[in-house]
Amino acid sequence: MSSALTDLYRYPVVQAPMAGGVSCPQLVSAVAEAGGLGFLAAGYKTADGMYNEIKQLRRMTGQPFGVNLFMPQPNLADPSAVEVYRHQLAGEAAWYETPLGDPDSSGDDGYEAKLAILLEDPVPVVSFTFGCPTRDALDALAGVGTYTVVTVTSSEEAQAAQWAGADAICVQGVEAGGHQSTHRDDPQTDDTGTGLLSLVAQVRETVQLPLIASGGIMRGSQIAAVVAAGAEAAQLGTAFLVCPESGAHLLHKQALTNPLFVGTALTRAFSGRPARGLVNRFVREHGPYAPAAYPQVHHVTSGLRKAAAKAGDAQGMALWAGQGHRMARELPAGRLVELLAEELDAAQAALSTRSTQ
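First, a word on scope: everything that follows refers to the structure included in this document. (Residues numbered from 1 in each chain as written. Predicted model: local features only at pLDDT ≥ 70, side-chain atom pairs only at ≥ 80, totals over all residues. Heavy atoms only, no water.)

**Here we look at the packing of aromatic side chains**
Scanning all chains against the criterion turns up five aromatic pairs. Between Phe-70 and Phe-130, the ring centres sit 4.9 Å apart and the planes meet at 45°, which makes this aromatic pair tilted. Here the residue Phe-70 occupies a position in strand S3 (residues 65–70), and Phe-130 occupies one in the loop between strand S4 (125–129) and helix H6 (135–143), the gap between them amounting to 60 residues. One exposure class covers both Phe-70 and Phe-130, and it is buried. Ring centres 5.8 Å apart and planes at 90° place the aromatic pair Phe-270 and Trp-320 in the edge-to-face group. Taken together, the residues span a long stretch of sequence, with Phe-270 in the loop between strand S10 (264–267) and strand S11 (275–278) and Trp-320 in the loop between helix H13 (296–310) and helix H14 (333–356) at a distance of 50 residues. (Phe/Tyr/Trp six-rings, centres within 6.5 Å; stacked < 30°, edge-to-face > 60°. Helix = DSSP H or I, 4+ residues; strand = E, 2+ residues; numbered from the N terminus. Buried < 20%, exposed > 50% of the residue type's maximum accessible area, 1.4 Å probe, protein only.)

**Points about the pairing of strand S5 (residues 147–152)**
Counting buried residues in S5 gives six out of six residues, a clear majority hidden from the surface. With burial as the criterion, each face of S5 is covered, one bearing Tyr-147, Val-149 and Thr-151 and the other bearing Thr-148, Val-150 and Val-152. With four bridges connecting them, S4 and S5 associate as parallel partners. Across the sheet, the residue bridging to Val-126 is Thr-148, located in S5. Strand direction decides the pairing type here: S5 and strand S6 (residues 168–172), joined by four bridges, are parallel. Opposite Val-150, over in S6, you have Ile-169 as the bridge partner. (Pairing = 2+ DSSP bridges.)

**So, the layout of surface pockets**
Gaps between atoms show up when a probe of the same size as a water molecule is rolled over them. Estimated volume of the largest pocket: approximately 1,100 Å³. For the lining of the largest pocket, the secondary structure elements donating two or more residues are S3, S4, S6, strand S7 (178–179), strand S9 (233–236), helix H10 (238–241) and H13. Here the lining of the largest pocket takes six residues from H13, the largest share from any one element. Residues of the lining of the largest pocket, tallied by class, amount to 22 nonpolar, 24 polar and two charged. In this structure, the second largest pocket spans a volume of roughly 290 Å³. Contributing to the lining of the second largest pocket are 19 residues, with Thr-153, Thr-182, Thr-189, Thr-192 and Gly-193 lying nearest its centre. For the lining of the second largest pocket, the per-class residue count stands at three nonpolar, 10 polar and six charged. (1 Å grid on protein atoms, 1.4 Å probe; cavity = no way out; pocket = protein on both sides within 12 Å on 5 of 7 lines; lining within 4 Å. Points joined across faces, edges and corners; volume = space filled by probe spheres on them. Nonpolar A, V, L, I, M, F, W, Y, C, P; charged D, E, K, R; others polar.)

**Some thoughts on the sheet that holds S9**
Read across the open sheet, the eight strands follow the order S1-S9-S8-S6-S5-S4-S3-S2; overall the sheet is parallel. Only two strands of the sheet have a single neighbouring strand rather than two, namely strand S1 (13–15) and strand S2 (38–41). Across the sheet, the mean angle separating the axes of adjacent strands is 30° when strand polarity is ignored. When S3 meets S4, the two strands line up parallel, connected through five bridges. Within S4, the residue paired with Leu-69 across the bridge is Phe-128. (Axes fitted to C-alpha atoms, helices over the stretch in contact; angles between N-to-C directions.)

**Focus on the sheet that holds S11**
What holds strands together in a sheet is hydrogen bonding between their backbones, with the strands either parallel or antiparallel. The three strands lie next to each other as S7-S11-S10, forming an open sheet whose pairing is antiparallel. Only two strands of the sheet have a single partner each, and these edge strands are S7 and S10. The pairing of S10 with S11 spans four bridges and is antiparallel. Along S11, the bridge assignment pairs Thr-264 with Leu-278.

This is how it looks when you write it as structure tokens:
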């Protein structure tokens, strides 16, 4: 266990928790062994499933690692809007020959059960997505020696995390792949996200906690930039998604650098919450009509996404990716950590040289 962020890694490289099987023990252990800080993603897993992965990871490495939890979400979805969207997806269900999912499946992602396990058998770090835990929860984790990180997308959310007792803050810029970790899902703010460098600077002037910067980072020179802006470390997701240890589907890995996919967009099409992914047919056809309804839409489309992957159809998959996806390098995760560290050192040395000239 550790009381300082810098005690958790040799290099300021954090592997983002990517739910859906991407951040598997193999990836996390490779990152940790190379000197970075890896995260298991507990999102969309049962509490037992999370614990089994923790035990597997402990057999693979003795280095620090983290576990990421999804915060429970208030049920603000309009059932009629969800039902309309289900009707719009009827053609997809017929095409992939699979039924649509039940929108009323569990909405809390087993949060309390997972938290209980992490208090009973602590891990070095726990981070949170989609909200801020209570002070009681953060104090309880601190009491068992766990370092806590709350993901934020604004200065206001950062202040709330500091007031609640978090040890550090992960600042997520709008460039980030996957879900935007806003604490309140407001459709009126879908197009108002802040770029990472501006957000890091704003949050640095707002709170006194250590910052981890996340969003579109693919090179060591970008890590140097966010460190210069006030962050202690950088969190990368898309950069690690293509590594051989990643649990991402092969089609997802290939799509990141496939010129057929010309860019990314924030969309609610697959989950009902804003998430950045490669623009494919599903995003183009359904994104404009998807309601603000998480996790209801996630449950509805779950079978469709699995069927598309099984059919080898990337046009029906959720291809989460940050804005820097074209810069992805297919390297072993350990080598990628080392290369990022080398690039960071070179960038900082160049800056130092310029400042003395």
